[in-house]
Amino acid sequence: MSTPRLRVSVFDYEAGNLHSLVKSIETEFTTVRVERDPAAAVRDTDALILPGVGAFTPAAERLASGRDAMRDALLGGLPCLGICLGMQLLFDHSDEGPGQGLSVLTGRVTRLDAQRVPQIGWNTLEPTAPLDPLLVQSGLDTVYYANSFVCRPTGESGRHVIAYTTHEGDRFPAAVRVGNVVGAQFHPEKSSAPGVRFVRAFLREAVHIAAQRGTLGSSATEDVTP
Amino acid sequence: MLTRRVIVCLDVKGARVVKGVQFVGLRDVGDPVALATRYEAEGADEITFLDISASAEERATLLDVARRTAEQLFIPLTIGGGVRTADDVARALRAGADKVSLNSAAVTRPEVLTEAADRFGAQCVVASIDAKRGEGGAWKVWVKGGREETPLEAVAWAQECVARGAGEILLTSIDRDGARTGYDLDLTRAVADAVNVPVIASGGAGEARHLVDAVTEGHADAVLVAGILHDGLTTVAALKDVMRAAGLPVRALPELVA
């Protein structure tokens, strides 16, 4: 029997290029599948990736049929990495357009308050204390952004910001973590070697979580408990 | 604070990089995938493939090249050249581009910028503008690879491109292209001050100081470099050292082991 691998599902909103992202999560210890159905994306998996290309409304529409299942899975401890739009989907609503996010974090997505929008390019992270293990392990400090909108956590959610970035005068959450759910407003898969290390560190964390839960690499049939 | 980007442009025809690229010790000197990843390792902040294909066959090949590149490149990739419709943009993005630049097609039919931005977001739509100083001093927009003049004035056209959905302007001075005498700072500044999206200065880079000038005097957000790198006259790392020494924020070279 081969070593169990981490099952990683990527929820595809069919909005764009997943090549670099999929490549960054294809490792010797993962099996990756791309799912267009949101409920299927959280079934029989050890980690969920919400990719970063597209607009809020069409993505929320794609999400709608499986939103509750996905939200339950994330609140139940399924490791998730949401990138850019994928991070925004962790919140409630967006000024970009109508649609219901996952509301794993409370808050709204609003337009960057800056002259030059979209923010395109490499910007620096301002981590909060204590430093998140993913930032420690990756050594990530300058990251690639291509965004017009950012998340504005409200209430308790503000405590889940693990790094900020400032564009012109607007300081916004660069990354959040709530339990096993991580959001990155930047594109780690486009942030060169340290960005790839950030993704891999998330995956290794997911391996530990899956091993603890005893689900690592288990198949659908093995999941059925009497 | 946003760093100033150094973008490396490769002219690609079918599956090959054309124009002499003089890296030493690279097995396949003309392979776009190998060159793009090599420039990433040197510290390039982005790669642009300019598709100079002459046939549909070559164009289809380039999309395959983009796919293979995206699987190995972990910095943004822009594809430009021959992109005419929002469906072309879709194909390039699906193949692996993060951004797509439109040039002549936007002049012929400006609506294409809006169509692309509505479908994929402004952040992946780059308006590529080739400008040349005309009689009376105003910069005119040229199309068809700089062979055909249009009545459009470059600064006003840049503003229209942004109004129609472009998230970035790639601004090339035809007067300076290949001359290595420095970017057209007046042109760059005129456009950069007139729009609220990032402007990439292109055409004329001959030495590191020119990149610094494009940012400090030309107000460019990013600089595009090609010939001086391909000819082995300098490296991305050396260019960035000079920019850093001039006080510009630039991304440090990451350690390579992933």
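So, how was this worked out
Residues numbered from 1 in each chain as written. Chains lettered and ligands numbered in written order. Predicted model: local features only at pLDDT ≥ 70, side-chain atom pairs only at ≥ 80, totals over all residues. Heavy atoms only, no water. Helix = DSSP H or I, 4+ residues; strand = E, 2+ residues; numbered from the N terminus. Rg over C-alpha atoms; globule rule 2.2 N^0.38 Å. Contact = heavy atoms within 4.5 Å. Areas by Shrake-Rupley, 256 points an atom, 1.4 Å probe, with all protein chains shown as cover. Lys, Arg positive; Asp, Glu negative; His and termini not counted. Charge placed at Lys NZ, Arg CZ, Asp CG, Glu CD. Pairing = 2+ DSSP bridges. 1 Å grid on protein atoms, 1.4 Å probe; cavity = no way out; pocket = protein on both sides within 12 Å on 5 of 7 lines; lining within 4 Å. Points joined across faces, edges and corners; volume = space filled by probe spheres on them. Nonpolar A, V, L, I, M, F, W, Y, C, P; charged D, E, K, R; others polar. Phe/Tyr/Trp six-rings, centres within 6.5 Å; stacked < 30°, edge-to-face > 60°. Buried < 20%, exposed > 50% of the residue type's maximum accessible area, 1.4 Å probe, protein only. Lys NZ or Arg CZ within 6 Å of the ring centre and 35° of its normal. Salt bridge = Lys/Arg side-chain N within 4 Å of Asp/Glu carboxyl O. Core = buried A, V, L, I, M, F, W, Y, C linked by side-chain atoms within 4.5 Å. Axes fitted to C-alpha atoms, helices over the stretch in contact; angles between N-to-C directions.

K.L.:
Let's hear about the overall build of chain B: which residues, and what values?
P.N.:
Secondary structure summary: chain B contains 10 helices and 11 strands in total. On C-alpha atoms alone, chain B measures out to a radius of gyration of 17 Å, which is about the 18 Å that the 2.2 N^0.38 rule sets for 258 residues. Along the longest, intermediate and shortest principal axes, the C-alpha atoms of chain B span 45 × 45 × 35 Å. Taking all contacts inside chain B whose residues are at least 6 apart in sequence as the whole, residues at least 24 apart take part in 64%. As presented, chain B carries roughly 10100 Å² of accessible surface, and 51% of it is formed by carbon and sulfur atoms. Taken together, the 29 basic and 37 acidic charged side chains of chain B have centroids lying 2 Å from each other.

K.L.:
Describe the sheet that holds strand E5 (residues 93–94) of chain A, and please don't skip the residues or the numbers.
P.N.:
Residues and elements named next belong to chain A. Within the open sheet, the 3 strands sit side by side as E5-E6-E10. Their pairing is mixed. The strands lining the two open edges of the sheet, one partner per strand, are E5 and strand E10 (149–153). With 2 bridges connecting them, E5 and strand E6 (residues 107–111) associate as parallel partners. In the strand pairing of E6, histidine 93 is matched with arginine 108.

K.L.:
Summarise empty space enclosed by the protein; cite the residues concerned and give the values.
P.N.:
Residues and elements named next belong to chain B. Scanning the entire structure with this criterion turns up 3 cavities of 30 Å³ or more. Around the largest cavity, the lining residues are Ile7, Glu46, Thr48, Thr78, Lys99, Ser101, Val126, Glu168, Leu170, Ile200 and Leu224. For the lining of the largest cavity, the secondary structure elements donating two or more residues are strand E3 (46–51), strand E5 (99–102) and strand E9 (168–173). By residue class, the composition of the lining of the largest cavity is 5 nonpolar, 3 polar and 3 charged.

K.L.:
Got a sec to walk through the packing of aromatic side chains? Specific residues and values, please.
P.N.:
All names here are of chain A. Overall, the coordinates contain 5 aromatic pairs over all chains when judged by the stated rule. With centroids separated by 5.5 Å and ring planes inclined at 80°, the aromatic side chains of tyrosine 145 and phenylalanine 172 adopt a geometry described as edge-to-face. Of the two residues, tyrosine 145 sits in strand E9 (residues 142–147) while phenylalanine 172 sits in strand E12 (residues 170–178), which places them 27 residues apart along the sequence. No difference in accessibility class separates tyrosine 145 from phenylalanine 172, as the two residues are buried. Through pairs of rings, three or more aromatic residues link up here, namely Tyr145, Phe172, Phe186 and Phe198. Sitting above the plane of the tyrosine 164 ring, arginine 171 keeps its charged end 4.1 Å from the centroid.

K.L.:
Summarise the pattern of salt bridges; cite the residues concerned and give the values.
P.N.:
Under the definition given, this model contains 35 salt bridges over all chains. For aspartate 46 of chain A, the salt bridge goes to arginine 7 of chain A, with nearest N and O atoms at 2.9 Å. Placement of aspartate 46 of chain A in the loop between helix H2 (38–41) and strand E3 (47–50) and of arginine 7 of chain A in strand E1 (residues 6–11) is noted, with a sequence separation of 39 residues between them. Among the residues examined, aspartate 46 of chain A registers a relative accessible area of 3% and is labelled buried. Of the charged contacts in the structure, one is a salt bridge between arginine 68 of chain B and aspartate 64 of chain B, with a shortest N-O distance of 3.7 Å. Of the two residues, arginine 68 of chain B and aspartate 64 of chain B both sit in helix H2 (residues 56–70), 4 residues apart, roughly one turn of that helix. Classification of aspartate 64 of chain B as partly exposed rests on a relative accessible area of 34%.

K.L.:
So, the sheet that holds strand E8 (residues 126–127) of chain A: which residues are in play, and what are the values?
P.N.:
By definition, the strands of a sheet pair up through backbone hydrogen bonds, in either a parallel or an antiparallel sense. Residues and elements named next belong to chain A. What the 8 strands build is an open sheet, ordered E2-E1-E3-E4-E13-E12-E11-E8; its pairing is mixed. At either margin of the open sheet sits one strand with a lone partner, and together these are strand E2 (30–35) and E8. Strand direction decides the pairing type here: E1 and E2, joined by 6 bridges, are parallel. Looking at the pairing, valine 8 lines up with valine 32 of E2.

K.L.:
Just give me the short version of the environment of isoleucine 120 of chain A, but keep the residues and values in it.
P.N.:
Residue placement: isoleucine 120 of chain A occurs in strand E7 (residues 119–124). For isoleucine 120 of chain A, a relative accessible area of 2% gives the class buried. Spatially, the C-alpha atoms of isoleucine 120 of chain A and tyrosine 144 of chain A are 7.5 Å apart, while their sequence positions differ by 24 residues. Discounting residues that sit within four places of it in the chain, isoleucine 120 of chain A has contacts with Tyr144, Tyr145 and Ala146 of chain A together with Leu2, Arg5, Lys99, Gln123, Gly167, Glu168 and Pro198 of chain B.

K.L.:
Summarise unusual backbone geometry; cite the residues concerned and give the values.
P.N.:
All names here are of chain A. The omega angle of the peptide bond from valine 117 to proline 118 is 0°, so this bond is cis rather than trans. Residue placement: proline 118 occurs in the loop between E6 and E7. Residue alanine 129 is joined to proline 130 through a cis peptide bond whose omega torsion reads -10°. In this structure, proline 130 sits in the loop between E8 and helix H6 (133–138). Within the chain, serine 192 stands out as a residue other than glycine whose phi angle is a positive 55°. If you trace the backbone, serine 192 turns up in helix H7 (residues 192–213).

K.L.:
Quick one: what's the story with the nonpolar core, residue by residue and with numbers?
P.N.:
One finds Ile47, Phe49, Ile169, Tyr183 and Leu211 of chain B to be the most contacted residues of the largest nonpolar core, which totals 78 residues. Ranked by residues supplied to this core, first place goes to helix H6 (residues 154–163) of chain B with 6 residues. Residues in contact with tyrosine 183 of chain B, not counting those within four places in the same chain, are Arg176, Ala201, Ser202, Gly203, Gly204, Ala205, His210, Leu211, Ala214, Val223, Leu224 and Val225 of chain B. Residues Leu6, Leu134, Ala201 and Ala210 of chain A belong to the second largest nonpolar core, which totals 36 residues.

K.L.:
Pulling in residues and values, what's your account of the packing of H2 of chain B against helix H3 (residues 86–95) of chain B?
P.N.:
Think of two packed helices as two axes; the pair is described by the angle between the axes and how far apart they sit. Residues and elements named next belong to chain B. The geometry of H2 relative to H3 is characterised by a closest axis approach of 8 Å and an angle of 35° between their N-to-C directions. Contacts between H2 and H3 pair Leu63, Ala66 and Arg67 from the former with Arg91, Ala92 and Ala95 from the latter. Of the residues assigned to the contact of H2 with H3, the class counts are 4 nonpolar, no polar and 2 charged.

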